Amino acid sequence: MNDTQIPDLETTDVVKNFGATVAVDQVNFEVKKGAFFSILGPSGCGKTTLMRMIAGFEGPSSGDILIRGSSVIDVPPNRRPVNMVFQHLALFPMMNVAKNIGYGLRRRGISGKEIDRAVDAVLERVGLPGMGPRKIDQLSGGQKQRIAIARCLILEPTLLLLDEPLGALDLKLREQMKIELKQLQAEIGTTFLYITHDQSEALVMSDQVAVMNHGRFEQVATPQELYYRPNTSFVAGFVGDANRWSGKVETVSGDELRLHGQGGVAIVATAVGGISVGMDVEIFVRPESVFISRAEAEIAEFDNKIEGAVDSLLFDGGRSSALISVAGDDRDISVALPQTGQFSNLQAGEKVYLGWQADQTRCFAANNVGS
Amino acid sequence: MTEIGSSDLGATPAKLPTSVRRQPGVARLWFYLLLLPPVLWLGLLIILPHIQLFILSLKEKVAPRVYTYGLDNYIGFFNEPLYWMTLLRTATISILATALTLVIAFPVAYYIAKMLRGRTKNLIFVLALLPFWVSELVRTLGWIMLLRETGIISNTLLSLGLIPERVELLGNDAAIITGLVYTSMLFMVVPLINSLDSLDDSLIEAAYDLGGKGVAILREIIIPHAMPGIVAGSIVVFMLTLGNIVTPAFLGGKNSIWFTDQIYQKFIVRFNWEQGSAFGFLLLITSSLVVWLGLKLTRQSLAKTIT
């Protein structure tokens, strides 16, 4: 096996128990060199515990963690080739920027002049040249962010762990930092392991995303795959918006299912996992997968066709949508409005036709809902 | 639209009830009223008596009921080695006791503030405070029970066969320091816990993550953060130790006189209030000087300690 084939990080059957609760349950995954890997999950799903085990602050109850192919279970955090950007950044307020960044090199016993050079170089790289003498409380949120990353990068870690570092920033800055982080990672090529509960952060930045729930990985895939081909109902519900029905399967032919939703709406859907006739299922359709039209003829080609009336319009610029009420279903269907202009004059109460394809209608067995 | 808005704005203050528009004079009256108690306290109980003492310290008795003013009482202090050496010894032992208190209190405070959580933390904290519900006098007597020749420690060592005969552990500097450290513990532990409590755990983890080890993290992260608590605790402990009278009197012997004892002797035994006042001022000057030096050496300021 040559060097490039060894993953930077690999976990095998990692379990962490806190008393009777299982925080992390049989997690297996690997992160390839140079990848931007995200772990996405709701709070309390065990993602922070998993990251703390990789950093070395917690030991797994069982299982193994390998960095570049060698186990680090017995290696303390200060000797692991892994550095962490903390949730609240944890910059040392008693030191200036240069001292903060140089901290790790000082601990390695490197000479002062070399440290100064390295600090200047890394400040340049994160786009903050000459900021060395500044105090921490003189920095803006975005600058602190970059200093915290620089403080880790100067040590040239195999793996950089980021624990929801954008959580404390306001929305606008967060959007900007998302792009900056992705660009920075692409430039320096360090492997990033990023933890977040914000699906947009995970989807925008990552090469690979693991969706975590109740201590387990539900699915590990590229952002596109997660979004368009979720494997479990949890992933379908957690990543992106979705219209959600529950129902009972009536006929099965291959992957194609026919069923009635709880309100009596007839639906043609694609089965994910083994589904048989009579099973209770959950059906997910993305708002942007639903075609909306004022003419019945335009929806003729779709597998699912339905007629409804506009209940309310939710204007949100490019992400505007409409809630359509349909006969026989007490819940409205959310539909993304195309931004080409033909729906700019849509009114509440107007009659519309909706259509969507069976392959964009994902159906999961209902017993794993919310599991 | 704008007209309505502006006229509205203009009208608002006039509509407010008169009580809301507080007169500047009333606000000032409140300020002085609130200032009164501390001013009275400082003035009547601290500044006035000190002025009196200061005047007293400059008086010289030339004949019965005949006084002149001069620095004789102060000069007398420097001319008699017993006096200034006692003060020097008192200050040195106080500094030593303060340092020792800090060294012992720091791990205790760190353990309570950082290692414990929830109910255990409160319990241990209260346990640390518990001895201070008993008066200092009684606690010092407790040490006598332990340290005297027929005391618990001496007897235990003897019965274990570790010493050939009973030992007297009282009446020396070590006994005084032990008592002083014990008496001062609380005043060091509380400010230390306060300052360590506010230290974010992730700072310690970050330092560890970036390659730091125990001692380096203590020196570069924990101690700088706890500095205000260390300074506050040290000042309080030093002042209390320097001005302590019970502990040195009970635990020290004939050869370990505390400077407060000298002052007591002057006032009560010799009835020489003039020199006693001078000694009091010399003690005040010494403690202020040591605190000032300590602040300079650690590059701290009193203002930083309070905030």
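Refer to the structure printed above.
All of these numbers come straight from a predicted model, not from anything done at the bench. (Residues numbered from 1 in each chain as written. Chains lettered and ligands numbered in written order. Predicted model: local features only at pLDDT ≥ 70, side-chain atom pairs only at ≥ 80, totals over all residues. Heavy atoms only, no water.)

Novice: Quick rundown of the pattern of salt bridges? Include the residues and the values.
Specialist: Scanning the entire structure with this criterion turns up 21 salt bridges over all chains. One salt bridge in this structure joins arginine 68 of chain A and aspartate 8 of chain A, with 3.0 Å as the shortest N-O distance. Pair noted here: arginine 68 of chain A is in the loop between strand 4 (62–67) and strand 5 (70–71) and aspartate 8 of chain A is in the segment before strand 1 (9–18), with a separation of 60 residues, a long-range link. Aspartate 201 of chain B is the salt-bridge partner of arginine 117 of chain B, the closest N and O atoms lying 3.0 Å from each other. (Salt bridge = Lys/Arg side-chain N within 4 Å of Asp/Glu carboxyl O. Helix = DSSP H or I, 4+ residues; strand = E, 2+ residues; numbered from the N terminus.)

Novice: Just give me the short version of the sheet that holds strand 8 (residues 191–196) of chain A, but keep the residues and values in it.
Specialist: Residue and element names in this part refer to chain A. Taken together, six strands build an open sheet; the order of strands is 6-7-8-3-9-10 and the sheet is mixed. Only two strands of the sheet have a single partner each, and these edge strands are strand 6 (82–85) and strand 10 (216–221). The average undirected angle you get between the axes of adjacent strands in this sheet is 20°. Here strand 7 (residues 159–163) runs beside strand 8; their pairing, made up of five bridges, is parallel. Bridging from a neighbouring strand, leucine 160 pairs with phenylalanine 192 of strand 8. Across the sheet, helix 4 (residues 141–153) is in contact with strand 6 and strand 7; its angle to strand 6 comes to roughly 170°. (Pairing = 2+ DSSP bridges. Axes fitted to C-alpha atoms, helices over the stretch in contact; angles between N-to-C directions. Contact = heavy atoms within 4.5 Å.)

Novice: I'd like to hear about the interface of chain A and chain B, residue by residue, with values.
Specialist: Residue-level contacts link 23 residues of chain A with 18 residues of chain B. Across the interface of chain A and chain B, roughly 1800 Å² is buried in total on both sides, 61% from carbon and sulfur atoms. Ranking the residues of chain A by area buried against chain B places Asn78, Met94 and Arg107 of chain A at the top, with a combined share of 33%. If you look at where chain A meets chain B, you find three salt bridges. As a salt-bridge pair, glutamate 205 of chain B and arginine 52 of chain A come within 2.6 Å of each other at their nearest N and O atoms. Taken together, the elements giving at least two residues each to the side of chain A that touches chain B come down to helix 1 (47–55), strand 6, helix 2 (97–107) and helix 4 of chain A. By residue number, the principal contributor to the side of chain A that touches chain B is helix 2 of chain A, which donates four residues. Residue composition of the side of chain A that touches chain B, by class: 16 nonpolar, three polar and four charged. (Buried area = accessible area lost by both parts, 1.4 Å probe. Nonpolar A, V, L, I, M, F, W, Y, C, P; charged D, E, K, R; others polar.)

Honestly, it's all geometry; don't read function into it.
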